[in-house]
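# Report on the structure
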Amino acid sequence: MKVAIFSTKPYDREFLTQANNALPQAHELIFHETQLNTQSALLAQNCQAVCCFVNDHVDATTLAQLAELGVKLIALRCAGFNQVDLTAAKKLGLLVARVADYSPHAVAEHALGLMLMLNRNLHRAYHRVRENDYSLNGLLGFDMVNKTVAVIGTGKIGAVLATIVRGLGCRVIAYDPEPNSALVAAGVAYLPLDQLWPQADIISLHCPLNTHTHHLITNNSIAQMKNGVMLINTGRGGLIDTKAVIDGLKSKKIGHLGLDVYEEEGDLFFEDNSNQLLQDDVFARLLTFPNVVITGHQAFFTREALTAIARVTLANITHVERGELTQVCLVN
Ligand code: NAD
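What you see is a predicted model, and the numbers here were worked out from it, not measured in a lab.

What counts, and at which threshold
- The residue numbers shown here count from 1 along each chain, following its written sequence.
- Since the coordinates come from a predicted model, pLDDT governs what is reported: local features require at least 70, and pairs of side-chain atoms require 80 or more to be given and counted, while whole-chain, interface and lining totals use all residues.
- To obtain the side-chain values, all non-hydrogen atoms of the structure were used and water was disregarded.
- Each axis is a line fitted through C-alpha atoms, taken for helices only over the stretch in contact, and angles between the N-to-C directions span 0 to 180 degrees.
- Strands are runs of DSSP state E lasting at least two residues, helices are runs of H or I lasting at least four, and both sets are numbered from the N terminus onward.
- The labels follow the angle: roughly parallel below 35 degrees, roughly antiparallel above 145, roughly perpendicular from 65 to 115, and oblique for the rest.
- Throughout, a crossing is termed right-handed when the near helix is turned clockwise from the far one, and left-handed when it is turned anticlockwise from it by less than a right angle.
- Two residues qualify as a contact provided that any one of their heavy atoms is within 4.5 Å of a heavy atom in the partner residue.
- Nonpolar residues are Ala, Val, Leu, Ile, Met, Phe, Trp, Tyr, Cys and Pro. Charged residues are Asp, Glu, Lys and Arg, and all others, Gly as well, are polar.
- Classification of ring pairs rests on two measures: the distance between centres of Phe, Tyr or Trp rings, Trp counted by its six-membered ring, which must be within 6.5 Å, and the angle between planes, read as stacked under 30 degrees, edge-to-face over 60 and tilted in between.
- Here the term buried applies to any residue with accessible area under 20% of the maximum for its type, exposed to any over 50%, and partly exposed to those in between, with areas from a 1.4 Å probe on protein chains only.

## Re the packing of helix H1 (residues 10–21) against helix H12 (residues 303–321)
Remark: H1 packs on H12, axes separated minimally by 9 Å, with the N-to-C direction vectors making an angle of 55°. Here H1 lies oblique to H12, going by the angle between them. In this structure, the crossing between H1 and H12 has a hand that is right-handed. For the pair H1 and H12, the contacting residues are Tyr11, Phe15, Leu16, Ala19 and Asn20 in the first and Arg303, Leu306, Thr307, Ala310, Arg311 and Leu314 in the second. Its residues placed into classes, the contact of H1 with H12 shows 7 nonpolar, 2 polar and 2 charged.

## A closer look at the packing of aromatic side chains
Inspection of the entire model under this criterion finds 6 aromatic pairs. Between Phe300 and Phe301 the ring centres are 5.7 Å apart and the planes differ by 65°, which places this aromatic pair in the edge-to-face class. Taking the relative accessible area as the measure of exposure, Phe300 reaches 6% and is therefore buried. A residue is classified by how much of its surface remains accessible, and Phe301, at 38% relative accessible area, is partly exposed. One aromatic cluster in this structure is built from Tyr11, Phe53, Phe270, Phe300 and Phe301.

## Quick notes on unusual backbone geometry
Phi at Asn46 takes a positive value of approximately 70°, unusual for a residue other than glycine. Tracing the backbone through its elements, the reader meets Asn46 in the loop between strand E2 (28–31) and strand E3 (49–52). Judged by relative accessible area, which is 54%, Asn46 ranks as exposed. The residue Asn121 is not glycine, and still its phi comes out positive at about 55°. Inspection of the secondary structure assignment puts Asn121 in the loop between helix H4 (104–119) and helix H5 (122–130). What makes Asn121 buried here is its relative accessible area of 7%.

See the structure below:
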């Protein structure tokens, strides 16, 4: 198939090209740096598939343009699919495939990294030592052992995180409309959210972003949390009402915040903006807190994950080309 690949970086080209070259019958890959949106959709002319990423604008208008051009498949090279208007895709007869399971460990380990960075103030310690400052004031941390970690969404990533933190001696509580029986057997207690918020020392978000989970974290849920709670979000930015979290940080209700995703990240992340003025005042305020660590949507970014993403994305395209529809496809 001829595939227009949007939002590509050098690492996307490297991993996709390598995986494509290993196929008995390679696809024709056309790489574009630009995001997919209504302006750039025309670049998919003569292509049967479009490959896109987390911040591409796969809305109804863009999908209609793609269908008009003869595109048959939207192959997402990510797990989340909140950026796609699935109803519009279905109406237009477009297939949508994603990479449901590339490396839950990559994201779960990144969430753990944020926890350990924040609980021992490693981000501040790193800078101090480089300034020849070995003072410890302000770096006091806490042990992870015996702390209660709440995992919201115990699918592939949440389940791995639950297992990891249990290994550190944490008690794990969880919320998921579909509890994971293996975790229940391992002693994880599933609770309704109003019972979970007041018990957790650390809350980590691993549910998909949809109409039910949009702004799951609000002033109301924050008010029910423990004083000094640590909040970690490697899910999607829209799970959190960022202004409510800023209020929570200012009142010290939230003691630590680790983010890999941000509601308005589409205008910021994956680019080097170091020569430009930061225009997003909400994000700028977040950066002023010493107890906030933000990474730019890099939780997925491991060699193993990129290898699997490239392999599965191309396999999805091959399956559709051959008329085989597999379980890994979100097919309309
Ligand atoms: P998954 O589908 O395996 O698991 C999601 C879980 O969330 C499921 O068990 C589901 O039942 C549960 N869920 C659904 N609605 C819920 C609700 N209202 N409250 C609580 N739980 C709910 O997905 P996954 O592979 O574990 O990924 C989870 C999310 O992580 C993805 O949707 C994506 O947005 C995000 N993600 C982020 C990165 C990153 O680089 N930061 C990478 C991959 C995935």
